[in-house]
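Coordinates in review
Each chain, written out:
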Protein chains: 2
Amino acid sequence: MTINDVARLAGVSKKTVSRVINNSPLLRAETREKVQKVIADSGFAPDPQARGLAFRRSFLVGMIYDNPSPNYVVNMQQGVLDAVRGAGLELVVHPCNRASDTFLSDVRGFIVRQKLFGVVMPPSVSEDERVIAILKEAECPYVRIASVSLDEPRHMVVTNDSSGAAEAARHLAGLGHRRIAFISGPDSFRSSHERGRGFAEGLAEHGLTLDPAYVRVGAYTFESGVEAARDLLAMADRPTAIFAGNDEMAIGVMKAARDAGLDVPFDLSICGFDDLPMASRVWPNLTTVRLPIRDMGRMAAEKLTASIRGLDAATLTQPEVRPSLVVRDSTAPLQGS
Amino acid sequence: MTINDVARLAGVSKKTVSRVINNSPLLRAETREKVQKVIADSGFAPDPQARGLAFRRSFLVGMIYDNPSPNYVVNMQQGVLDAVRGAGLELVVHPCNRASDTFLSDVRGFIVRQKLFGVVMPPSVSEDERVIAILKEAECPYVRIASVSLDEPRHMVVTNDSSGAAEAARHLAGLGHRRIAFISGPDSFRSSHERGRGFAEGLAEHGLTLDPAYVRVGAYTFESGVEAARDLLAMADRPTAIFAGNDEMAIGVMKAARDAGLDVPFDLSICGFDDLPMASRVWPNLTTVRLPIRDMGRMAAEKLTASIRGLDAATLTQPEVRPSLVVRDSTAPLQGS
DNA sequence: CTGAAAGCGCTTACAG
DNA sequence: CTGAAAGCGCTTACAG
């Protein structure tokens, strides 16, 4: 079944069938219906490769990422697919290593060769201006997901990490904690700074300041969380609450607390960020800040598909990404003070 | 840069350039080198859409899956990518819901429309003969990953779940346990039966039998693990060791043990299956059986790319997938008996 | 509002 | 061992 067969069956030219496929407005309603009936009856579906060749643009959406968390990746893929399916597009995944020598040429090759319909990028790829330059040069549409705005609105989904971190701060301060520590993610991630900034702001609302003596820099990994927490818990005036920059590290803090003979949350309150599935499996269940990762992927992909759906990207109401605090069992009121 | 430009620069016909691209043997070495030099100098890369249109076959490998575990999915994607990159192919992901009314027509549409180069399927999609029928009808190459052989060798990567489960049984029996329980996965998964069968065989080697009174059927989820373990631990002669069909359920068993006031591993040994990252984060660290999921994905994709690499799929040495026991802190010798 | 011609960048089938 | 012609299934640019 090709466009020629449909044209013959409908008694029109293939160009007219093409117009139906592409929702051209310059078509008599009657003609359109006639062709649509033949398409529906025959089960015809246009060949994406042929369309792509003629359009000089494929029907593939690429997701380029270096995020190490499987949960994050799968959830975001699912979100992108939510938007992409039904739009007649497919999702091509492209994990990468920004530290590799061939990183940029790999990414360029992928983008240029596949003539991608569009690209979605979560941090930290979304924060790499060299990748953006390649996309611009290739005139490839793209959307960046990041904790702070880095580009024009049509290219951005902003996740407001700072507001989530502020909520965590209010929660801990509201429980009466005063010696509150923060374990930051690595310097190279914007989110590390955004979460730290928001956390400090939230504390400030309660008249507290984030004492640099109670700040450690981790690597967003379990092990770095363990190490940072060991250090903090060995202090003379050890913190009574710790906010970790992500759940991986927060669960490392739990291990360090257990090793130090501290009861969580009685002796130490712990709060994470991300709400991994693991957060509600560990004991005690982890209080954390949830980011709607699937929604973020969907929103990003919807910006890409707006043109197909006949929408002006500017017309899209800009839905806000709001992190939200999920209070579980790893945080409790300050004891005996 | 197109094939025409290369042909002009090399002073040959575009058909000759095409022969170089496709590794045709009927080419004078001299001609081949001349063309290859132009290709290397110009950075030319053939357009996959144009090639695909002419070949009537795309350069996309599809991964179709309904596995709910993000870790499993991401690891397997990574394995497929290990094989697919460098072969000039891309990975298109296609999660699906086998319970959906539109499941089969969705999958058929995906396969037929994209003219996939090949498809890789983990369980339980790999166990669905209706999907296989569609693939055969579309003459689409495919590889099935499953716990037991279901097809000709060139279509299979077999994971020998039973041998891993047998290892778990030997481990627990070797620690002196006699009242050993098994929490099975759902009936609809072949792996549930394979793991149960292997476990029983391993026990038999130690002169033990798997008592049906100590068997429960779960759903491969955390919650079902909690529930099954509650039931087992409430027995008059409660088991001293539990083998859970996967890690999710094993971690549910941990929760049930904690709720029942039992110390793991002193009062109860627990063993899982999968070795999720979570297994080495929970407390105590979980003893489990590891499946080399990334390798499984790579091996499956290599069967698909064998033709490109000029290999006969039959020639491929069939690497064995061997699950391996990872002993951690959730299992210990039987106490006081 | 509709169509005939040319073309997207490659390969197949046929020659020589 | 190499090439000229026709074609893969669509769309663009131009007419009318």
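Above this note sits the structure.
Residues numbered from 1 in each chain as written. Chains lettered and ligands numbered in written order. Predicted model: local features only at pLDDT ≥ 70, side-chain atom pairs only at ≥ 80, totals over all residues. Heavy atoms only, no water.

For the rest of this paragraph, the subject is the protein's contact with DNA strand D. Near DNA strand D there are 27 residues, and of these K15(A), S18(A), N22(A), T16(B) and T31(B) occur at the shortest range. When the atoms of DNA strand D within 4 Å of the protein are sorted by group, sugar and phosphate make up 65%. Contact distances for DNA strand D include 2.7 Å between a base nitrogen and a side-chain N or O atom of K14(A). R19(B) places a side-chain nitrogen or oxygen 2.7 Å from a base oxygen of DNA strand D. The set of elements that each furnish at least two residues to the surface near DNA strand D consists of α2 (14-21) and α4 (48-55) of chain A together with α2 (14-21) and α4 (48-55) of chain B. At five residues, α4(A) tops the list of elements feeding residues into the surface near DNA strand D. Taken together, the residues of the surface near DNA strand D sort by class into 13 nonpolar, six polar and eight charged. (Near = heavy atom within 4 Å. Polar contact = N/O pair within 3.5 Å; in protein donor to acceptor, adjacent residues only side chain to side chain. Helix = DSSP H or I, 4+ residues; strand = E, 2+ residues; numbered from the N terminus. Nonpolar A, V, L, I, M, F, W, Y, C, P; charged D, E, K, R; others polar.)

Per the stated rule, a full pass over the model turns up 50 salt bridges over all chains. E201(B) is paired through a salt bridge with R197(B); the nearest N and O atoms lie 2.9 Å apart. Of this pair, E201(B) and R197(B) both sit in helix α9 (residues 190-205), four residues apart, which is roughly one turn of the helix. On the basis of relative accessibility, which here comes to 39%, the residue R197(B) falls in the partly exposed class. Overlapping salt bridges, with partners in common, bring together D66(A), R98(A), D128(A) and R130(A) in one network. (Salt bridge = Lys/Arg side-chain N within 4 Å of Asp/Glu carboxyl O. Buried < 20%, exposed > 50% of the residue type's maximum accessible area, 1.4 Å probe, protein only.)

Okay, the interface of chain A and chain B next. On the chain B side, the residues contacting the 39 residues of chain A number 39 residues. Between chain A and chain B the total buried area reaches about 3600 Å² when both faces are included, carbon and sulfur atoms providing 56% of it. Sorting the residues of chain A by area buried against chain B places Q49(A), E90(A) and R281(A) first, and these three jointly supply 20% of that buried surface. Summed over the shared surface of chain A and chain B, the number is four salt bridges. Here D47(A) ties to K115(B) by a salt bridge, and the two come within 2.4 Å at their closest N and O atoms. Applying the counting criterion to the chain A and chain B interface returns ten residue pairs in polar contact (both at pLDDT 80 or more). Looking at the side of chain A that touches chain B, the elements with two or more residues in it are α4, β1 (60-65), α5 (70-84), β2 (90-95), α6 (103-114), α10 (222-233) and α11 (247-259) of chain A. Sorting elements by how many residues they give to the side of chain A that touches chain B places α5(A) first, with seven residues. (Contact = heavy atoms within 4.5 Å. Buried area = accessible area lost by both parts, 1.4 Å probe.)

Glancing now at the sheet that holds strand β8 (residues 241-244) of chain B. Within a sheet, adjacent strands bond to each other through the backbone by hydrogen bonds, running parallel or antiparallel. All names here are of chain B. Within the open sheet, the four strands sit side by side as β7-β6-β8-β9. Their pairing is parallel. Looking at strand neighbours, the two that pair on one side only are β7 (215-217) and β9 (269-271), the edges of this open sheet. Neighbour-to-neighbour, the strand axes of this sheet turn through a mean angle of 15 degrees, independent of strand direction. Bridging between β8 and β9 involves three bridges; their strand directions are parallel. Bridge pairing links I242 to I270 in β9. (Pairing = 2+ DSSP bridges. Axes fitted to C-alpha atoms, helices over the stretch in contact; angles between N-to-C directions.)

The next point concerns the protein's contact with DNA strand C. Of all residues adjacent to DNA strand C, which total 26 residues, the nearest are T16(A), T31(A), I3(B), K15(B) and S18(B). Within 4 Å of the protein, the contacting atoms of DNA strand C are drawn from sugar and phosphate to the extent of 65%. Within the side chain of T16(A), a nitrogen or oxygen atom sits 2.5 Å from a phosphate oxygen of DNA strand C. Within the side chain of R56(A), one N or O atom sits 3.4 Å away from a sugar or linking oxygen of DNA strand C.

Here we come to the packing of helix α1 (residues 3-10) of chain A against α2(A). Residue and element names in this part refer to chain A. At a closest axis distance of 8 Å, the pairing of α1 and α2 adopts a crossing angle of 105 degrees. Considering their axes alone, α1 and α2 lie roughly perpendicular with respect to each other. Across the interface between the two elements, I3, N4, V6 and A7 from α1 touch K14, V17, S18 and I21 from α2. Residue composition of the contact of α1 with α2, by class: five nonpolar, two polar and one charged. (Parallel < 35°, antiparallel > 145°, perpendicular 65-115°, else oblique.)

One finds F199(A), F243(A), F199(B) and F243(B) to be the most contacted residues of the largest nonpolar core, which totals 90 residues. Once residues within four sequence positions are removed from consideration, F199(B) is found in contact with A165(B), A166(B), A168(B), A169(B), L172(B), I180(B), A181(B), F182(B), L210(B) and F243(B). Core analysis: the second largest hydrophobic core is formed by 56 residues, L286(A), I242(B), A257(B) and I270(B) among them. (Core = buried A, V, L, I, M, F, W, Y, C linked by side-chain atoms within 4.5 Å.)

The transformation that overlays chain A on chain B combines an axial shift of 0.0 Å with a rotation of 180 degrees, and the residual RMSD is 0.1 Å. Within this description, the copies of the chain are treated as partners about a two-fold rotation axis. Taking C-alpha positions as reference, the residue of chain A nearest the rotation axis is V92(A), located at 2.2 Å. Interface overlap between copies is the fraction of interface residues in one copy that are interface residues in the other; for chain A against chain B it reaches 100%, indicating a shared surface. (Least-squares fit on C-alpha atoms with pLDDT ≥ 70 in both.)

Let us now look at unusual backbone geometry. Between P123(A) and S124(A) the backbone carries a cis peptide bond, its omega angle lying at 0 degrees. With respect to the element layout, S124(A) can be found in the loop between β3 (118-121) and α7 (129-137). In this model, V264(B) is joined to P265(B) through a cis peptide bond whose omega is 10 degrees. As for its placement among the helices and strands, P265(B) is situated in the loop between α11 (247-259) and β9.

What follows is about the sheet that holds strand β7 (residues 215-217) of chain A. All names here are of chain A. The strand order across the open sheet built from four strands is β7-β6-β8-β9, with neighbouring strands paired in parallel fashion. Only two strands of the sheet have a single partner each, and these edge strands are β7 and β9 (269-271). Sheet twist, expressed as the mean angle between neighbouring strand axes with direction ignored, is 15 degrees. Where strand β6 (residues 180-184) and β7 come together, three bridges link them in parallel fashion. Paired with I183 across the strands is R216, a residue of β7. Running at roughly 160 degrees to β9, α11 makes contact with β6, β8 (241-244) and β9 of the sheet.

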